[in-house]
Amino acid sequence: MFFLGIEVLSISLYILAASNRLNIKSNEAGMKYFLMGSFASAILLFGICLIYGAIGTFNVYDAGTDVPSLQLASGSAAVEEWLPIGTILLSIGLLFKIAAVPFHFWAPDVYQGSPALTTATMSTIGKVAAMAAFFKLAVVMNVNLPAAQSVIVVVSILSMSVGNIMALRQSNVKRMLAFSGVSHAGFMLMTLLGTENPSGTLFYYSAAYALAGIAAFSVILYVCKSRDNEDITNFNGLGKTNPLLAAVLTGALLSMAGIPIFAGFFAKLILFGQVISAGYIALVIVAVVNSIISVGYYFKLILAMYTKEPNEERTGTPILIYATAVISISLNIAMGLFPSVIIDLLS
């Protein structure tokens, strides 16, 4: 059922990525996502097969039992020979789905080529669902083992650092947000190292990131709906031509950067506190440095909206875009003002 759920989500996104069939970039995005996603799904399925061969059941909770005492279903060898390999392959497949380094190469091209609405779906629902699945599997399959924790720390550091450094070099807003999503995948992986209500922290962080992403892409849909690209220059002077949507996009970017009073700040604050309690002070220092780096490319877009002259006069805004943008950023601010309400849901 886990594999079917992931595949139904993935296949839907493959189709949506190529849904603009008259656009060569959309066709390219759909093909790249399909080919690379298929390989990731094959690796995921192979890992599931090895785990089943090791423990003789598809119930993941049985994988979290005392591994050395288990035997292969055939009774021919010790389970240690198959179960760790299956777990590694399963993890690789899921790290691809959440676009964590070094399995993130598909994200920038697919995000840029896909229709903006599809990109918004990928970066919010797709990433959050895959991360939730990875979190659940990690919890029941002994992620607290030292070797597993070391891998999580390395992947988290690489995802944050590579994502933020590459985002600094982007002039296309969708590519910039793609690399931003890679860095946020690194932050989300840090929740696996927490010891105090990690599920609540992940839920809060994911909700804050998703709401900020929905608000940001709502504005991108408005600004770039009649253009061939999503360059930052398209946002020049948005603060003068449409102050409300400019304010919404500013709030979304500040939330992703971790600035008060938005939910993104409190999500990182709570996450860092739990990871420090677990003894990973060096990881938190790296995360704080990366949060500071992210301010650079977020403010590049904010400055374009408020300090540059508009390229052209924009008239009319669909009420649906207004409603989605305002509701999303309002919920994000409400979560920032009352974080305990969300976290206590999964405590």
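Focus: the side chain of Gln-274
Looking at the secondary structure, you find Gln-274 in helix α11 (residues 263–277). Residue Gln-274 is classed as buried on the basis of its relative accessible area, which comes to 11%. For Gln-274, the side chain forms a polar contact with the side chain of Thr-201, separated by 2.8 Å. With residues near it in sequence (within four places) discarded, Gln-274 still touches Gly-194, Glu-196, Asn-197, Pro-198 and Thr-201.

A closer look at the pattern of salt bridges
Under the defined criterion, the tally for this structure stands at six salt bridges. Between Lys-32 and Asp-109 there is a salt bridge; the shortest N-O distance is 2.8 Å. Highlighted residues: Lys-32 in helix α2 (residues 24–55) and Asp-109 in helix α4 (residues 106–113), separated in sequence by 77 residues. The exposure class of Lys-32 is partly exposed, given its relative accessible area of 29%. Counted as one network, the salt bridges with shared partners bring together Glu-28, Lys-32, Asp-109 and Arg-175.

Quick word on the confidence of the model for the protein
Low-pLDDT portions of the prediction should not be read for the details of their coordinates. Of the residues in the protein, 90% reach a pLDDT of 70 or more, and the chain-wide mean stands at 86. A low-confidence stretch, residues 66–76 stays under pLDDT 50, and its non-local contacts, those more than four residues away or across chains, total 20 contacts.

Some thoughts on unusual backbone geometry
Val-101 connects to Pro-102 through a cis peptide bond whose omega is 5°. Residue position: Pro-102 is located in the loop between α3 (83–97) and α4. With an omega of 10°, the peptide bond running from Pro-260 to Ile-261 counts as cis. Here Ala-99, not a glycine, exhibits a phi torsion of approximately 60°, which is positive. Note on placement: Ala-99 falls in the loop between α3 and α4.

So, the packing of aromatic side chains
Inspection of every chain in the model, using the stated rule, returns ten aromatic pairs. On the numbers, 5.0 Å between centres and 80° between planes, the contact of Phe-265 with Phe-266 is edge-to-face. Phe-265 sits in the partly exposed class, given a relative accessible area of 25%. Classification of Phe-266 by relative accessible area gives partly exposed; the value is 22%. Cluster of aromatic residues (ring-pair linked, three or more members): Tyr-14, Tyr-33, Phe-34, Phe-96, Trp-106 and Tyr-111. Looking at Lys-268, its charged tip hangs above the ring of Phe-187, at a distance of 4.6 Å from the centre.

Remarks on a nonpolar patch on the surface
On the surface, Met-31, Phe-34, Leu-35, Met-36 and Phe-105 cluster together to form a nonpolar patch covering roughly 500 Å² of accessible area. Take Phe-34: it is sitting in helix α2. According to the relative accessible area criterion, Phe-34 is partly exposed, its value standing at 40%.

Here's the deal with the nonpolar core
Ranked by size, the top nonpolar core spans 51 residues in total, and within it Phe-187, Leu-189, Met-190, Leu-283 and Met-335 carry the most contacts. Of all the elements, helix α5 (residues 116–140) adds the most residues to this core, at eight residues. Membership of the second largest hydrophobic core comes to 37 residues, among which are Val-223, Cys-224, Ala-325 and Ile-329.

Topic: the side chain of Lys-97
Mapped onto the elements, Lys-97 comes out in helix α3. Classification of Lys-97 by relative accessible area gives buried; the value is 10%. At a separation of 3.0 Å, a polar atom in the side chain of Lys-97 contacts the side chain of Ser-10. Among all residues touching Lys-97, those that are not within four sequence positions of it are Ile-6, Glu-7, Ser-10, Tyr-14, Gly-37, Ser-41, Trp-106 and Ala-130.

Quick notes on the rules
Residues numbered from 1 in each chain as written. Predicted model: local features only at pLDDT ≥ 70, side-chain atom pairs only at ≥ 80, totals over all residues. Heavy atoms only, no water. Helix = DSSP H or I, 4+ residues; strand = E, 2+ residues; numbered from the N terminus. Buried < 20%, exposed > 50% of the residue type's maximum accessible area, 1.4 Å probe, protein only. Polar contact = N/O pair within 3.5 Å; in protein donor to acceptor, adjacent residues only side chain to side chain. Contact = heavy atoms within 4.5 Å. Salt bridge = Lys/Arg side-chain N within 4 Å of Asp/Glu carboxyl O. pLDDT = per-residue confidence, 0-100. Phe/Tyr/Trp six-rings, centres within 6.5 Å; stacked < 30°, edge-to-face > 60°. Lys NZ or Arg CZ within 6 Å of the ring centre and 35° of its normal. Patch = residues over 30% accessible without salt bridge, like charges linked within 9 Å, V, L, I, M, F, W, Y side chains within 5 Å. Areas by Shrake-Rupley, 256 points an atom, 1.4 Å probe, with all protein chains shown as cover. Core = buried A, V, L, I, M, F, W, Y, C linked by side-chain atoms within 4.5 Å.

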